[in-house]
Amino acid sequence: MQQRKLEKTSYQMQQRDQSLYGKCVLATQSKNTQAASMYANECAELRKMAKVVLHSEMALETINLRLQTIRDFGEIAYAMKPVAHVVGVLKTQLQGVLPEVSMELAGVNESLEGMAIEVGEATDTSFDTNASSEQAQQILQEANTVAEQKMKERFPELPPIPAHEARM
């Protein structure tokens, strides 16, 4: 459900960026450097937020796949710890951008940590926190790589605005 919210937000940001980008191009063509600069700055800020949303979307997708694998093949106790860590990182990243999703992820994170503890107690399994942390970092790195690629696909480069003309 949270992944769908992120997808919807990402799509809305992409639509907004396309609109602002078009206005930036028109302002640049009509030599209105102040307006072009304003639109370009707004696009840049929107893209920063879109990058966080897209990164989170990719990480959640990776987590979904990991959880499906866990469900299908076992190893629950071992695999839950890095998944919970990644959800915690995403929750923190989304706090300022999408607080509603961040709060929902806090609940998901608590559930995952609780399940990891319960399963660990039931199977008397101990966690290697270093390996878990490495796996979490790998998940985040993979998600970041995919997010960077998708950012380049979805958001075109802004037109150059001459620096001496853009000053107010």
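Everything below is about the structure printed above this text.
To keep things clear, this report deals only with the structure shown in the data block. Sequence order as written defines residue numbering, which begins from 1 separately in each chain. Side-chain atom pairs in this predicted model are given and counted only at pLDDT of 80 or more, local residue features only at pLDDT of at least 70, and totals for whole chains, interfaces and linings cover all residues. Computation of side-chain values: all heavy atoms of the structure, hydrogens and water removed.

### Some words on the overall build of the protein
Condition: Helix and strand assignments come from DSSP, with helices taken as H or I runs of at least 4 residues and strands as E runs of at least 2, each series counted from the N terminus. Exposure categories follow from relative accessible area, calculated using a 1.4 Å probe and restricted to protein chains: below 20% of the type maximum is buried, above 50% is exposed, and the middle band is partly exposed. Throughout, a contact is declared for two residues whenever any of their heavy atoms are within 4.5 Å.
Looking only at helices and strands, the protein features six helices and zero strands. Ordering the α and β elements of the protein from the N terminus gives α-α-α-α-α-α. Every one of the 168 residues in the protein was classed for burial, and the buried ones make up 36%. When contacts within the protein are restricted to residue pairs at least 6 apart in sequence, those whose partners lie at least 24 apart make up 81%.

### Overview of the nonpolar core
Note the threshold: Throughout this description, the term nonpolar core refers to a set of buried Ala, Val, Leu, Ile, Met, Phe, Trp, Tyr and Cys residues connected via side-chain atoms within 4.5 Å.
If you look at the biggest cluster of nonpolar residues, it comprises 29 residues, and the most contacted ones within it are Leu6, Ile63, Val86, Leu90 and Leu105. Counting only elements with at least two residues in this core, the list comes to helix 1 (2-29), helix 2 (33-73), helix 3 (76-94), helix 4 (99-123) and helix 5 (129-154). With nine residues, the top contributor of residues to this core is helix 2. If we ignore the near neighbours within four places in the chain, the residues touching Val86 are Ala59, Ile63, Ala136, Ile139 and Leu140. Listed in part, the five residues of the second largest apolar core include Cys24, Ala35, Ala36 and Ala40.

### Examining the state of the cysteines
Our working definition: Any two cysteine sulfur atoms within 2.5 Å of one another count as a disulfide.
The final tally for this structure, using the stated rule, is zero disulfides. This cysteine, Cys24, is not joined by any disulfide, and Cys43 carries the nearest cysteine sulfur, 6.1 Å off. Overall, Cys43 belongs to the buried group, its relative accessible area being 0%.

### Thoughts on the environment of Leu6
Within the secondary structure layout, Leu6 lies in helix 1. The class of Leu6 is buried, set by a relative accessible area of 0%. Considering only alpha carbons, one finds Leu6 and His55, 49 residues apart in sequence, at a separation of 9.8 Å. Contacts of Leu6, omitting those with residues within four sequence positions, involve Val53, Ser56, Glu57, Leu60, Leu94, Leu98 and Val101.

### Re unusual backbone geometry
Although it is not a glycine, Lys31 sits at a positive phi angle of roughly 65 degrees. With respect to the element layout, Lys31 can be found in the loop between helix 1 and helix 2. The exposure class assigned to Lys31 is exposed, which follows from its relative accessible area of 66%.

### Observations regarding the environment of Ser19
By the element assignment, Ser19 lies in helix 1. Sequence-wise, Ser19 and Cys43 are 24 residues apart; in three dimensions their C-alpha atoms are separated by 9.4 Å.

### Re the side chain of Gln3
Residue placement: Gln3 occurs in helix 1. Owing to a relative accessible area of 14%, Gln3 belongs among the buried residues under this scheme. With near-sequence residues (within four places) excluded, Gln3 lies in contact with Glu57, Leu60, Glu61 and Asn64.

### Some thoughts on helix 1
The condition that has to hold: Multiply 1.5 Å by the residue count of a helix minus one, and that product is the helix's expected span.
Taking 1.5 Å of rise per residue, 28 residues should cover 40 Å, and helix 1 covers 40 Å from first to last C-alpha, within 8% of that figure. In the segment just after helix 1, Lys31 is the residue with positive phi, at about 65 degrees.

### Comments concerning the side chain of Ser56
Following the sequence through the fold, Ser56 ends up in helix 2. Leave out the neighbours within four places in its chain, and Ser56 touches Leu6, Leu90, Gln93 and Leu94.

### Describing the pattern of salt bridges
Think of it this way: side chains of opposite charge can pair up when their charged atoms draw near. Spelled out, the test is: One side-chain nitrogen of Lys or Arg within 4 Å of one carboxyl oxygen of Asp or Glu is enough to make a salt bridge.
Under the defined criterion, the tally for this structure stands at three salt bridges. For Lys5, the salt bridge goes to Glu100, with nearest N and O atoms at 2.7 Å. Of the two residues, Lys5 is situated in helix 1 and Glu100 in helix 4; the sequence distance between them amounts to 95 residues. In this structure, the salt-bridge partner of Arg47 is Asp17, at a minimum N-O distance of 2.8 Å. Taken together, the residues Arg47 in helix 2 and Asp17 in helix 1 connect sequence positions 30 residues apart. By relative accessible area, Arg47 is classed as buried at 13%.

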